[in-house]
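Per-entry structural report
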Amino acid sequence: LLRRSNAASTSPCFLRRAFSSEAAPERKVAILGAAGGIGQPLSLLMKLNPLVSRLALYDIAGTPGVAADVSHINTRSEVKGYAAEEQLGEALEGSDVVIIPAGVPRKPGMTRDDLFKINAGIVKSLCEAIAKYCPNALVNMISNPVNSTVPIAAEVFKSKGVYDERKLFGVTTLDVVRAKTFYAGKAKVNVADVNVPVIGGHAGITILPLFSQATPKANLSDEDIKALTKRTQDGGTEVVEAKAGKGSATLSMAYAGAVFADACLKGLNGAPDVVECSFVQSTVTELPFFASKVRLGKNGLEEVLGLGSLSDNEKQGLEALKPELKSSIEKGVAFVRSS
Ligand code: NAD
Ligand code: LMR
């Protein structure tokens, strides 16, 4: 095992403000795929989070360097690296939150569903280990295709008798991050004040930003809203094409993953009114999983919030996304049931 300890928290004050907490309880976070494009900056951001007391970094390649590097940062958490499958159990044991960015990313011309072949198996085996070693942990699923990997995780947990729908989250925060950024730019408002719910799933047209509910309000034309919606839906592809074969979003995703994990930790610690969008088991539509605003609390998912009122275009978008989302969910379920 790669063991690294560190000093007491001396995080810069801007970080303490960003993730503020006093007398935070002990919390262990495990990152599976910690040495990857997302995993590395996400490990850094979780090391900066004072709500974390233990940080377990697991990957099948490159863990020692990342763990040694991150462990030198003088913040609260103790960092340990786990570099091989036989160390996965120890990495997971005692975890409160497990973040999964393990798996292959897209190259130009690929859809997220093209990643299913490789990532479905990776996610399935990691979830089998979670079921065994930390069945009560909150799972933050980043690996694509999220519309299928979340149902895969649910099926694995069901097959092991440990499924709790309050503990499983598809991370769609990057869609919200993008929607906020693009809206602020067009509406010429302070991005820090912006809120935009994003519902549905995490691929193409299944990503449905609700700009009609965006705040602060702005008088944007239908054309503007259409363009913002398309840019949010294609945000991942914009980055994949810009990286030209060198992967997909990693830095913005690490930021988004850190925001969502921080919200999970705040909820576990009893902070009130922690609301984020996430792809979860849901009854807000006829689909068994759906992304919408959710309230996070001491048990994980406390409440799936309703969709609120939608514009006519958003209502059409909602109906249009259902067939694709339904088939991606069914594909994930079938993968586990048939294996
Ligand atoms: P990457 O290839 O840079 O890193 C993936 C890491 O996973 C590698 O370090 C690899 O060694 C590791 N890995 C592979 N199999 C593993 C296993 N069985 N156990 C542990 N680790 C394993 O890829 P990336 O850019 O970090 O992207 C990772 C995933 O995140 C991709 O599937 C990508 O599509 C997805 N992603 C999701 C979102 C989102 O919004 N949810 C955003 C961006 C990327
Ligand atoms: C994203 O939205 O950036 C991720 O899902 C990665 C991708 O393949 O687009």
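Predicted model, so just to flag it, every value in this text is computed and none were measured.

Here we look at the nonpolar core
- With 98 residues, the main nonpolar core has Ile-31, Leu-57, Tyr-58, Val-98, Ile-100, Val-139 and Ala-153 as its most contacted residues.
- For this core, the leading source of residues is helix H10 (residues 251-268), giving ten residues.
- When neighbours within four sequence positions are excluded, Val-98 is seen to be in contact with Ala-30, Leu-32, Leu-92, Ile-130, Cys-134, Ala-137 and Val-139.

Notes on the UniProt feature "domain: Lactate/malate dehydrogenase C-terminal" (unreviewed entry) in the protein chain
- Per the UniProt record, "domain: Lactate/malate dehydrogenase C-terminal" (unreviewed entry) is found at residues 172-336.
- What you have in residues 172-336 is 48% helix and 17% strand, and the ends, taken at the C-alpha atoms, are 23 Å apart.

Notes on the packing of helix H7 (residues 173-187) against helix H8 (residues 222-233)
- Across the interface, H7 lies against H8 with an axial gap of 9 Å and an inter-helix angle of 145 degrees. Here the hand of the crossing between H7 and H8 comes out right-handed. Of the residues in H8, those touching H7 at Asp-175, Arg-178, Ala-179, Phe-182, Tyr-183 and Lys-186 are Asp-224, Leu-228, Arg-231 and Thr-232.

Regarding the site of ligand 1
- Looking at ligand 1, there are 34 residues lining it, with Gly-33, Gly-36, Gly-37, Ile-38 and Asn-144 nearest.
- A per-class count over the shell around ligand 1 returns 19 nonpolar, 13 polar and two charged.

Some details on the packing of H7 against H10
- Viewed as axis vectors pointing N to C, H7 and H10 meet at an angle of 110 degrees, and their least axial separation amounts to 8 Å. Viewed along their axes, H7 and H10 adopt a mutual orientation that is roughly perpendicular. Judged by the twist between their axes, the crossing of H7 over H10 is right-handed. Between H7 and H10, the residues in contact are Thr-173, Leu-174 and Val-177 and Ser-252, Met-253, Tyr-255, Ala-256, Gly-257, Val-259 and Phe-260, respectively.
- Considered class by class, the residues forming the contact of H7 with H10 number seven nonpolar, three polar and no charged.

What counts, and at which threshold
- Residues numbered from 1 in each chain as written.
- Chains lettered and ligands numbered in written order.
- Predicted model: local features only at pLDDT ≥ 70, side-chain atom pairs only at ≥ 80, totals over all residues.
- Core = buried A, V, L, I, M, F, W, Y, C linked by C-beta atoms within 7 Å.
- Buried ≥ 20, exposed ≤ 12 C-beta atoms within 10 Å, placed from the backbone.
- Helix = DSSP H or I, 4+ residues; strand = E, 2+ residues; numbered from the N terminus.
- Contact = placed C-beta atoms within 7 Å.
- UniProt positions renumbered as here; feature names shortened; annotations may be inferred.
- Axes fitted to C-alpha atoms, helices over the stretch in contact; angles between N-to-C directions.
- Left-handed = near helix turned anticlockwise from the far one by under 90°.
- Near = placed C-beta within 6 Å.
- Nonpolar A, V, L, I, M, F, W, Y, C, P; charged D, E, K, R; others polar.
- Parallel < 35°, antiparallel > 145°, perpendicular 65-115°, else oblique.

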